[in-house]
Amino acid sequence: MRRKPGAARATPQRQLKSEVHEFKRRRILEQTRDLLYSDGYEATTLELIAAGLQVTKPFIYSYYRNKSEILRAICEVGIRGSLQTLDAALATALPPREKLRMIAEGVTRIVIENQKYIVVYEREQKNLEPADARTLMGLRREWGVRLARLLESGNRSGDFAVRDPLLTAVSIGGLLTWIASWYRSPGRWSQAEVTLHAVEMVERMVGSGSAPKAKAARRCPRVPRRPPAAAASAPHCSTAMS
C-alpha cells in the first residue's frame, strides 16, 4: 500500500504542535505560580497573568477555563512528581532500604526544584474547587499508603523497625515537604547537603532490625490502581503529603 504524500511528515508535525502547546501551558503555569507566590490568589487576576506574558485573556482561555483550573494544575505538580518517583523506586529490584533512599532523594529534589509550586499549594489549597481538592487529597493519600506498604515490606525483611507504617509514611511526607518552606538558594546549605540530611533523617525514622510485633500486623488500606495516563503525568503528600 502506497503512502500518501506528506504522511511521513504527519507525526513530526503533530509532535511539534504538541510541544508548542505544552510550552505555552507551562509558561502560563509559571507566570501564574510567580504571581500567586508573591501576591496570593485573590490579588492574582487573569488580566495580570496575561499582561505578564504579553498576551490577551482569550489566549489564556484557550488553554485553561479559568483561574481555578490553573491553580489546580499548579497544585498537582508536587504530588504527581512524587508519585512518579515512588513508581520508579518501587519498580526496581532493590532492597527496601535502597528503595526508600531513592524515594527520599527524589522527592527532596522535586520539592526543591518545584519549591514555589509547593508553597503555593500549601497556601492556596483552600481556594481549590471542592472536587479538585478531593482529587489532590486522594493522590496524597495514595502516596502515603503506598510508601507505608514499602515500610511494611521492610519490617518483614528486617530492614526497618517501624511501629506504625502509615503514620511513619505520613511523617516522612511532611518532613520532605517542609523543606519547601525554608530552603533558600543560595543559602547556608546547598541542595546536596539538604538532600543528604533529608535522607539521613528518613533512615533514622525507619530504624533497623525487627519491628515490634504489636504493630507489625497493621495493614494499610487498599488504594485503587491509577490509570497509566495518571501515572505518566504524575508530591504533594503533603507534597506527597501533609
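Now for a look at the structure at hand. The model shown is predicted, which means the values in this text are computed figures rather than measured ones.

## Observations regarding the pattern of salt bridges
Taken as a whole and judged by the stated rule, the model has 15 salt bridges. The closest approach of N and O atoms between Glu-69 and Arg-72, which form a salt bridge, is 3.9 Å. Here the residue Glu-69 and the residue Arg-72 both occupy positions in helix H4 (residues 67-90), the gap between them amounting to three residues, near one helical turn. Residues Arg-101 and Glu-203 are paired through a salt bridge, measuring 3.3 Å at the closest nitrogen-oxygen approach. Separated by 102 residues along the polypeptide, Arg-101 in helix H5 (residues 96-113) and Glu-203 in helix H9 (residues 191-206) bring together distant segments of the chain. Residue classification places Glu-203 among the partly exposed positions, given a relative accessible area of 24%. In the salt-bridge network here, residues are joined through shared partners; they are Arg-65, Glu-69, Arg-72, Glu-76, Arg-80 and Asp-132.

## Re the side chain of Arg-146
Relative to the helices and strands, Arg-146 resides in helix H7 (residues 130-157). Here Arg-146 falls in the buried class, since its relative accessible area comes to 19%. Within the structure, the side chain of Arg-146 is placed 2.9 Å from the side chain of Asp-87, a separation counted as a polar contact.

## Observations regarding the environment of Ala-198
Tracing the chain through its elements places Ala-198 in helix H9. On the basis of relative accessibility, which here comes to 5%, the residue Ala-198 falls in the buried class. Residues Ala-198 and Ile-172 lie 26 residues apart in sequence; the distance between their C-alpha atoms is 9.4 Å. The residues touching Ala-198, leaving out its near neighbours within four places in the chain, are Thr-108, Leu-175, Leu-176 and Ile-179.

Analysis parameters
Residues numbered from 1 in each chain as written. Predicted model: local features only at pLDDT ≥ 70, side-chain atom pairs only at ≥ 80, totals over all residues. Heavy atoms only, no water. Salt bridge = Lys/Arg side-chain N within 4 Å of Asp/Glu carboxyl O. Helix = DSSP H or I, 4+ residues; strand = E, 2+ residues; numbered from the N terminus. Buried < 20%, exposed > 50% of the residue type's maximum accessible area, 1.4 Å probe, protein only. Polar contact = N/O pair within 3.5 Å; in protein donor to acceptor, adjacent residues only side chain to side chain. Contact = heavy atoms within 4.5 Å.

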